[in-house]
Amino acid sequence: GLQSASYRYYFKMKKNPEEYKIYNSTNLIFLCTVFLLAGLGIYRFANWISAALLNNTITGYIVTLSFLFGCLQYLFSYLTLLLTAQIKSVQFFVINISLAILNATFSFYFIFMHSLTHMARIYATLLALGIQVIVLLFLTRSLLGFYFSLKTLKKSILFSYPVLPRTIIGVIGDSVGK
């Protein structure tokens with residue numbers, strides 16, 4: 001997907017960081033826009049999705065939270081791949097270990113302090129991932145800017161097009177599976 005394109009072009013544009021900022025920012029802005037628009041659709045039709053596609057086995061609220069998880073997981077994966085490209089192995093390790101620790105801590109908190117059951121795990125995972133995505137945005141800030149280029153987006157999509165259907169199916173599968 002677009003994360004593979006960003007990873008590949010990191011090395012091609014390493015000597016021109018400003019050009020890469022445009023490239024990477026374009027990809028992230030596009031991803032966030034797609035996630036936002038799809039999220040609005042999921043939110044609006046979550047109950048219908050639950051009834052028509054999932055036989056009401058889960059609520060529309062869980063469908064929406066599952067989609068949010070899929071988006072956060074994709075951004076987490078995207079940003080950790082950038083850490084890998086920058087050879088920041090210690091930061092990569094700390095991010096992954098702290099995700100597990102935060103997830104467990106929040107789960108225990110929600111279970112014992114708010115008497116939640118499976119929802120404790122869902123809320124803990126979303127909260128831990130959300131925090132880690134914010135931390136990753138901070139850690140990769142040197143690769144980000146507020147730039148958008150249609151030419152660059154086209155280049156990324158053409159590169160990632162062969163794996164795009166598989167990526168979309170994977171995000172949907174991860175979201176529904178959670």
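The rules behind these values
- Residues numbered from 1 in each chain as written.
- Predicted model: local features only at pLDDT ≥ 70, side-chain atom pairs only at ≥ 80, totals over all residues.
- Heavy atoms only, no water.
- Disulfide = S-S within 2.5 Å.
- Buried < 20%, exposed > 50% of the residue type's maximum accessible area, 1.4 Å probe, protein only.
- pLDDT = per-residue confidence, 0-100.
- Helix = DSSP H or I, 4+ residues; strand = E, 2+ residues; numbered from the N terminus.
- Axes fitted to C-alpha atoms, helices over the stretch in contact; angles between N-to-C directions.
- Parallel < 35°, antiparallel > 145°, perpendicular 65-115°, else oblique.
- Contact = heavy atoms within 4.5 Å.
- Nonpolar A, V, L, I, M, F, W, Y, C, P; charged D, E, K, R; others polar.

**Concerning the state of the cysteines**
Argument step 1. Under the defined criterion, the tally for this structure stands at zero disulfides.
Argument step 2. Between Cys32, a free cysteine, and Cys71, which holds the nearest cysteine sulfur, the sulfur-to-sulfur gap is 8.8 Å.
Argument step 3. Accessibility expressed as a relative area gives 38% for Cys32, which makes it partly exposed.

**Some points on the confidence of the model for the protein chain**
Low pLDDT means the predicted coordinates in that region are not meant to be read closely.
Argument step 1. Per-residue confidence for the protein chain gives a mean pLDDT of 86; residues scoring 70 or more make up 91%.
Argument step 2. Ranking the helices and strands of the protein chain by mean pLDDT puts helix 5 (residues 118-139) first, with 94, and helix 7 (residues 164-177) last, with 62.

**Quick notes on the packing of helix 3 (residues 60-85) against helix 4 (residues 89-114)**
Argument step 1. Contact pair helix 3 / helix 4: the axes reach a minimum separation of 9 Å and the direction vectors enclose 150°. Here helix 4 runs roughly antiparallel to helix 3, going by the angle between their axes. Mapping the contact onto sequence places Phe76, Thr80, Leu83 and Thr84 in helix 3 and Gln91, Phe92, Ile95, Asn96 and Leu99 in helix 4.
Argument step 2. Per-class residue counts for the contact of helix 3 with helix 4 are five nonpolar, four polar and no charged.

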